[in-house]
Amino acid sequence: MNRRIHIYLWLGALFVACQWLAPASMAPLRTAQASVPGITCAAITTSINFGNADPTAGLTYYRNFNSDVNLNTTGFLTYYCTNASSAPQNIDVCISIGNPGGSSQRSMSGPKNGSLDYQLYKDAGNTQAWGSKYNTPGKWGTPYIGTVAVPANGTSAPITLPIYAAIDSSQGISWTTKKTGPYSATYGNGDVAFDTGPANTGCNNSSGGGTISGFQVLANLVPTCQVATNPLDFGGLDGDPSNATATTTLTVSCVSETGYRVGLDNGKNWDGTTRRMRGDPTHSDYVPYQLYRGNCSTEWGNTDGTDTQTGTQPSQMFTVCGKIPPGQGSATPGDYFDAVTVYVYY
């Protein structure tokens, strides 16, 4: 009878976290006279913080590894308008976000002249880029346009807008120069604008009338590692599975070469002394096995620095050898499985 035995290696990774202090809120920018008599508006924008980010999975040599880490986040812009006149008014607001430095590509600056490209959007689907009325049409997108009802001698209800942000997952970053660490872009005077105008006239007839705070876009590029695995399949075995061997590969790619160590845990069916594969739901038998390095003689475990393997290149393929020990005897026919987690220490 055939007994097909598989070992599936499920990946895992250890991430290094960094923390830094965000700057205090910035002063309001672009103060202007009201373009609608009696109406003034103000907006406050939060920082846009990606936290720890890793865009490497979008690169050619990282594809099919872990999904990208923290490449999307959201900031918020809250605005309101005040009416000093005795009559209620409806107005249009036009909120522009440009790009510090004016280049066509939005990017954050980081260590060793590193650059991390990103984009700001008005929608959660990341299809409507948020731009400015003061620059070449469509250069970064289009400004936000909204209509606000402002009560007589009063203030409108605050309106909060999300600013969706995404880091480009296809950009090429030079890991060999280890450009990890904090990245930022600062939106200051001239990069943001809040204009108002008569209702139903849009941005074309809006001019001044609002103040808006600057903000920062922040990210911390962390030295993470990506892991790609393949099943270790002993194939169909007749009779006694003793002494069966099989090999597979796993690949580890790290942001920068850091002397990382790769470990394999004991799987899901460890009995305290031996890795084991469990039979399918029709029975509860076990078949023991062991994992070795590519030479099939040195055991591969998960004690960092003792029975782990050390990576010597930023992207490296490792061979995993599996063996079923002798003296097993006949096992119940069926499929046998285990799941082993790959750990990367750095």
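As a reminder, the structure under discussion sits directly above these lines.
Residues numbered from 1 in each chain as written. Predicted model: local features only at pLDDT ≥ 70, side-chain atom pairs only at ≥ 80, totals over all residues. Heavy atoms only, no water.

Draft legend 1. Spatial organisation of the sheet that holds strand β6 (residues 89–97). In spatial order, the strands read β9-β6-β12; together these three strands make up an open sheet with antiparallel pairing. Two strands in the sheet have a free side with no partner beyond their single neighbour: β9 (144–150) and β12 (192–198). Each neighbouring strand pair of the sheet contributes to a mean axis angle of 25°, computed without reference to strand direction. Pairing analysis gives seven bridges linking β6 to β9, with the strands arranged antiparallel. Residue pairing across strands places I91 opposite V148, the latter belonging to β9. (Pairing = 2+ DSSP bridges. Helix = DSSP H or I, 4+ residues; strand = E, 2+ residues; numbered from the N terminus. Axes fitted to C-alpha atoms, helices over the stretch in contact; angles between N-to-C directions.)

Draft legend 2. Looking closely at the state of the cysteines. Counting across every chain of the model gives three disulfides. Each sulfur of the disulfide joining C94 and C203 lies 2.0 Å from the other. Between C94 and C203, the disulfide has an S-S torsion of 100° and is therefore right-handed. On the criterion of sequence distance, the pair formed by C94 in strand β6 and C203 in the loop between β12 and β13 (210–213) is long-range, its members being 109 residues apart. As far as burial versus exposure is concerned, C94 and C203 are alike and both buried. Between C296 and C321 runs a disulfide, and the two sulfur atoms are separated by 2.0 Å. Taking the sign of the S-S torsion, 105° for the link of C296 and C321, the bridge is right-handed. One end of the pair, C296, is in the loop between β20 (286–292) and β21 (309–310); the other, C321, is in strand β22 (residues 315–323), with 25 residues separating them in the sequence. Overall, C321 belongs to the buried group, its relative accessible area being 0%. (Disulfide = S-S within 2.5 Å. Buried < 20%, exposed > 50% of the residue type's maximum accessible area, 1.4 Å probe, protein only.)

Draft legend 3. Representation of the pattern of salt bridges in the model. Here the structure, examined in full by the defined rule, presents one salt bridge. For D304, the salt bridge identified is with R261, shortest N-O distance 2.9 Å. Residue D304 is found in the loop between β20 and β21, and its partner R261 is found in strand β18 (residues 261–264); the two are separated by 43 residues along the sequence. Owing to a relative accessible area of 36%, D304 belongs among the partly exposed residues under this scheme. (Salt bridge = Lys/Arg side-chain N within 4 Å of Asp/Glu carboxyl O.)

Draft legend 4. Structural context of the environment of H283. Mapping H283 onto the fold places it in the loop between β19 (275–279) and β20. Residues H283 and P333, 50 residues apart in the sequence, show an inter-C-alpha distance of 9.1 Å.

Draft legend 5. Broad picture of the packing of aromatic side chains. A complete count under the given rule lists six aromatic pairs for this structure. Ring centres of Y79 and F194 lie 5.6 Å apart, and the angle between their planes is 85°; on these two criteria the pair is classed as edge-to-face. In this pair, Y79 is assigned in strand β5 (residues 72–83) and F194 in strand β12, connecting sequence segments 115 residues apart. One exposure class covers both Y79 and F194, and it is buried. Three or more aromatic residues link up through ring pairs in this structure, and these residues are Y79, W130, Y144 and F194. Here K133 stacks its cationic end above the ring of Y134, 5.4 Å away from the centre of that ring. Looking at R276, its charged tip hangs above the ring of Y286, at a distance of 3.7 Å from the centre. (Phe/Tyr/Trp six-rings, centres within 6.5 Å; stacked < 30°, edge-to-face > 60°. Lys NZ or Arg CZ within 6 Å of the ring centre and 35° of its normal.)

Draft legend 6. Here's a closer look at unusual backbone geometry. In this model, N113 sits at a positive phi of 60°, which is unusual for a non-glycine residue. Position of N113 among the secondary structure elements: in the loop between β7 (107–109) and β8 (115–121). For C296, which is not glycine, the phi dihedral falls at a positive 60°.

Draft legend 7. Structural detail: the environment of P314. Among the structural elements, P314 can be located in the loop between β21 and β22. When its relative accessible area of 30% is taken as the criterion, P314 is described as partly exposed.

Draft legend 8. Fine view of the environment of G322. Structurally, G322 can be placed in strand β22. Distance in space between the C-alpha atoms of G322 and R293 is 8.8 Å, their sequence separation being 29 residues. Those residues within four positions of G322 in sequence are excluded, and the remaining contacts are L232, F234, A244, T245, A246, Q290 and L291. (Contact = heavy atoms within 4.5 Å.)

Draft legend 9. Layout of the nonpolar core. Y79 and M108 are the most contacted members of the largest nonpolar core, which has 37 residues in total. M108 has contacts with F50, G114, S115, L116, Y118, I167, Y183, S184, A185, V217, L218 and A219, leaving out every residue within four places of it along the chain. Residues V227, A246, Y260 and L291 belong to the second largest nonpolar core, which totals 26 residues. (Core = buried A, V, L, I, M, F, W, Y, C linked by side-chain atoms within 4.5 Å.)

Draft legend 10. Examining the side chain of T73 more closely. Residue placement: T73 occurs in strand β5. Judged by relative accessible area, T73 falls into the buried class, the value being 17%. Those residues within four positions of T73 in sequence are excluded, and the remaining contacts are I48, N49, F50, I163, Y164 and A165.

Spatial relationships are all this shows, so hold off on functional conclusions.
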